[in-house]
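Understanding the architecture of this molecule
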Amino acid sequence: MSTAPVVTPFFHAPSNTWSYVVHDPASREAAVIDAVLDFDASAARTSTASARALVDHVAHEGLAVRWLLETHAHADHLSAAHWLKTHHWPDATLAIGAGIRSVQKTFRPIFNLGEHFPIDGSQFDHLFEDGEAFRIGTLGARVITVPGHTSDSSAYFVGDALFV
């Protein structure tokens with residue numbers, strides 16, 4: 001059983017954000033961590049160029065994405081995870097730390113989202129608890145909650161690599 005994941009980083013310069021494709025070399029199963037959706041504030045438009053780079057890499061490497069992981073709710077960029085799940089990897093599990101409920105409760109009134117916006121984390125397939133274990137192929141992975149930046153912040157320990 002392999003303990004070392006293959007990690008491919010992707011840097012999004014406009015938001016100074018790193019996204020990662022992490023895969024198990026034995027099974028070719030993968031996770032995408034903190035995928036970025038491009039946003040041009042001056043034009044008030046989004047695009048998927050950064051997310052498409054992840055899709056192209058996954059296709060080129062012949063990987064099967066099983067997880068779309070968010071380390072926390074991001075204020076510095078928009079997440080591409082929902083777009084990736086909808087358009088490319090519908091069977092992948094979209095996951096974040098269970099603290100997202102608290103973040104949603106805090107930000108719903110600030111962003112005037114109204115009562116129609118659920119604050120139960122239902123926008124995600126899975127809400128991780130501290131210490132929860134999961135697998136990416138043969139790679140063992142574990143969730144480590146790291147509240148501070150936001151109450152939903154989680155680090156993912158995959159094989160011998162830690163993503164914060």
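This text goes with the structure placed above it.
Let us look at the structure shown here. These numbers were taken from a predicted model, which means no experiment stands behind them.

1. With respect to the sheet that holds strand β4 (residues 36–40)
If you walk across this open sheet you meet the three strands as β5-β4-β7, and the pairing is antiparallel. Sheet topology places β5 (45–47) and β7 (78–79) at the edges, where each strand pairs with a single neighbour. Here β4 pairs with β7 via two bridges, running antiparallel. Bridge pairing in β7 links L37 to L78.

2. Digging into a nonpolar patch on the surface
A contiguous nonpolar surface patch, about 330 Å² in accessible area, is contributed by F107, I110 and F111. Looking at the secondary structure, you find I110 in helix α3 (residues 100–110). Classification of I110 as exposed rests on a relative accessible area of 56%.

3. Brief notes about the side chain of R108
Mapped onto the elements, R108 comes out in helix α3. For R108, a relative accessible area of 15% gives the class buried.

4. Section: the pairing of β4
As judged from the three bridges shared by β4 and β5, these two strands associate in the antiparallel manner. Paired with D38 across the bridge in β5 is S47. In this antiparallel pair of consecutive strands, β4 and β5, the connection spans four residues, and A44 shows a positive phi of 55°.

5. Some details on the nonpolar core
In terms of nonpolar packing, the biggest core is built from 26 residues, with V21, V32, L54, V65, L68, L84 and W89 touching the most fellow members. Mapped onto this core, the elements with two or more residues apiece are β3 (29–33), α1 (49–61), β6 (64–69), α2 (81–87), β8 (93–97) and α3. Counting residues per element, this core draws most heavily on α1, at four residues. The contacts of V32, once residues within four sequence positions are left out, are Y20, V21, L54, V65, W67, L68, L69, L84 and W89. Within the second largest apolar cluster, 16 residues are counted, among which are I33, L139, Y156 and A161.

6. A look at the pattern of salt bridges
By the definition in use, this model includes four salt bridges. In this structure, the salt-bridge partner of E61 is R28, at a minimum N-O distance of 3.6 Å. Here R28 lies in the loop between β2 (17–23) and β3 and E61 lies in helix α1, a separation of 33 residues in the sequence. With a relative accessible area of 28%, E61 lands in the partly exposed category. For R28, a relative accessible area of 28% translates into the label partly exposed.

7. Some thoughts on α1
Between its terminal C-alpha atoms α1 stretches 18 Å, which fits the 18 Å expected from 13 residues at 1.5 Å a residue. Buried within α1 are the following residues: A51, L54, V55, H57 and V58. Burial along α1 is one-sided: seen end-on, the buried residues are contained in an arc of 160°. Exposed residues pointing more than 90 degrees away from the buried face of α1 are listed as A49, D56, A59 and H60. At its buried positions, α1 is contacted by β1 (6–12), β2, β3, β4, β6 and α2. Phi turns positive one or two residues past the end of α1, at G62, with a value near 65°.

What counts, and where the lines are drawn
Residues numbered from 1 in each chain as written. Predicted model: local features only at pLDDT ≥ 70, side-chain atom pairs only at ≥ 80, totals over all residues. Heavy atoms only, no water. Pairing = 2+ DSSP bridges. Helix = DSSP H or I, 4+ residues; strand = E, 2+ residues; numbered from the N terminus. Patch = residues over 30% accessible without salt bridge, like charges linked within 9 Å, V, L, I, M, F, W, Y side chains within 5 Å. Areas by Shrake-Rupley, 256 points an atom, 1.4 Å probe, with all protein chains shown as cover. Salt bridge = Lys/Arg side-chain N within 4 Å of Asp/Glu carboxyl O. Buried < 20%, exposed > 50% of the residue type's maximum accessible area, 1.4 Å probe, protein only. Core = buried A, V, L, I, M, F, W, Y, C linked by side-chain atoms within 4.5 Å. Contact = heavy atoms within 4.5 Å. Expected span 1.5 Å × (residues − 1). Arc of directions from axis to C-beta.

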